[in-house]
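Here are the chains, one letter per residue:
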Amino acid sequence: MSQIDDLPPLREVIRKYDLAPRKSLGQNFLFDLNLTARIARAAGPLDDATVIEIGPGPGGLTRALLATGAKRVIAVERDDRAIPALEDIARHYPGRLEIVHGDAIDFDPTTMLDGARARIVANLPYNIATLLLTGWLTADPWPPWFDMMVLMFQREVAERIVAQENDDAYGRLGVLANWRTETKILFDIAPGAFVPPPKVTSSVVRLVPRAKPLSCSRRALEQVAAAAFNQRRKMLRQSLKPLGVDPALLTEAARIDPTRRAETVSIAGFVAMANRLSELKQS
């Protein structure tokens, strides 16, 4: 696929609007239209979907989403320089692209959705990718305002997202992500596909919200996971002490040997300990 529409090639757009990627904004632009189309297709049929895209830059993925048939794309872009390029795309796809000029961290998509659910598809800026994901994973109420996320991360972060017990990359992020969503790494993208090339491989991850995650206080789960993994080399009977309760009461509730370490505990085990922590804090 050499061209997905009759808009100018992205390299011409970059030159026209002086859109050299800025490290301060975590920008690595993806020019390969085959890859942007592949990411768009990974989000499933988009004909009736509203898509939230974060950090579209010159609009490579934006164009792929629209060309693939997305009914509506809301593109959130902080970089002033990229707005004219996105406006060109909006004119080419009238009524289907809405541009939000602002910081994604402060953006509340629900104000533009009228109660409908959306799909998040983005090549996230590396410097805020984990922060944004954590915010979406901690959305309340649950199920959330989105029905799927297809996101690009550095490979190391992607491995942390999908990791479960006994994986080397398992940690707080894996607990939170896999408690509330079904996660999968779909494919990798080599550094050479980007401008400028990052030092690491990137991965596209799909996260689908679970309709009914194991019942648990999100706050308590975050507290237990944080304590356990902050001292991941220590046994649970030691690492859980900062929670202010007897660690044995937590591990007993989860039927876990207190001499185990955090990376060996399943999501269900963390949920059981979090539920017990909630009970103890309330008593």
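Each chain carries its own residue numbering, running from 1 in the written order of its sequence. Given that this is a predicted model, residues contribute local features only at a pLDDT of at least 70 and side-chain atom pairs are listed and counted only at 80 or more, while totals for whole chains, interfaces and linings are drawn from all residues. Hydrogens and water molecules were not included; the side-chain quantities draw on all heavy atoms of the structure.

Q: Help me out: how do you make sense of the packing of helix 6 (residues 155-162) against helix 7 (residues 172-180) in this one?
A: Axes are the key here: two packed helices are described by the angle between their axes and the distance separating the axes. Orientation of helix 6 relative to helix 7, taken along the N-to-C sense of each, is 55°, at an axis distance of 6 Å. As summarised for this structure, helix 6 and helix 7 are arranged oblique, according to the angle between their axes. On helix 7, the residues that touch Val157, Arg160, Ile161 and Val162 of helix 6 are Leu173, Gly174, Ala177 and Asn178. Residues are grouped as follows: Ala, Val, Leu, Ile, Met, Phe, Trp, Tyr, Cys and Pro are nonpolar; Asp, Glu, Lys and Arg are charged; every other residue, Gly included, is polar. For the contact of helix 6 with helix 7, the per-class residue count stands at five nonpolar, two polar and one charged. All axes here are fitted lines through C-alpha atoms, helices being fitted over the stretch that makes contact, and every angle between N-to-C directions spans 0 to 180 degrees. What counts as a helix is a DSSP run of H or I of at least four residues, what counts as a strand is a run of E of at least two, and both are numbered from the N terminus. An angle below 35 degrees is treated as roughly parallel, one above 145 as roughly antiparallel, one from 65 to 115 as roughly perpendicular, and anything else as oblique. In this description, contact between two residues means that some pair of their heavy atoms is separated by no more than 4.5 Å.

Q: What is the right way to look at the packing of aromatic side chains in this model?
A: What counts as a ring pair is set by centres within 6.5 Å for rings of Phe, Tyr and Trp (its six-membered ring), and what kind of pair is set by the plane angle: stacked under 30 degrees, edge-to-face over 60, tilted for all other angles. Inspection of the entire model under this criterion finds five aromatic pairs. Ring centres of Trp145 and Phe146 lie 5.1 Å apart, and the angle between their planes is 85°; this geometry places the pair in the edge-to-face category. One exposure class covers both Trp145 and Phe146, and it is buried. Between Tyr170 and Phe270, the aromatic rings sit 6.4 Å apart at their centres with planes inclined by 65°, giving edge-to-face as the arrangement. Here Tyr170 is found in the loop between helix 6 and helix 7, whereas its partner Phe270 is found in helix 11 (residues 267-282), with 100 residues between them in sequence. Grouping residues by exposure puts Tyr170 and Phe270 together as buried. Aromatic ring contacts, followed pair by pair, group Trp142, Trp145 and Phe146 into a single cluster. When the ring centre of Phe187 is taken as reference, the NZ or CZ atom of Arg38 above it lies at 3.9 Å. Relative accessibility under 20% of the residue-type maximum defines a buried residue, over 50% an exposed one, and the middle range a partly exposed one, all with a 1.4 Å probe and only protein chains included. Our definition puts a charge over a ring when NZ of Lys or CZ of Arg is within 6 Å of the ring centre and also within 35 degrees of the ring normal.

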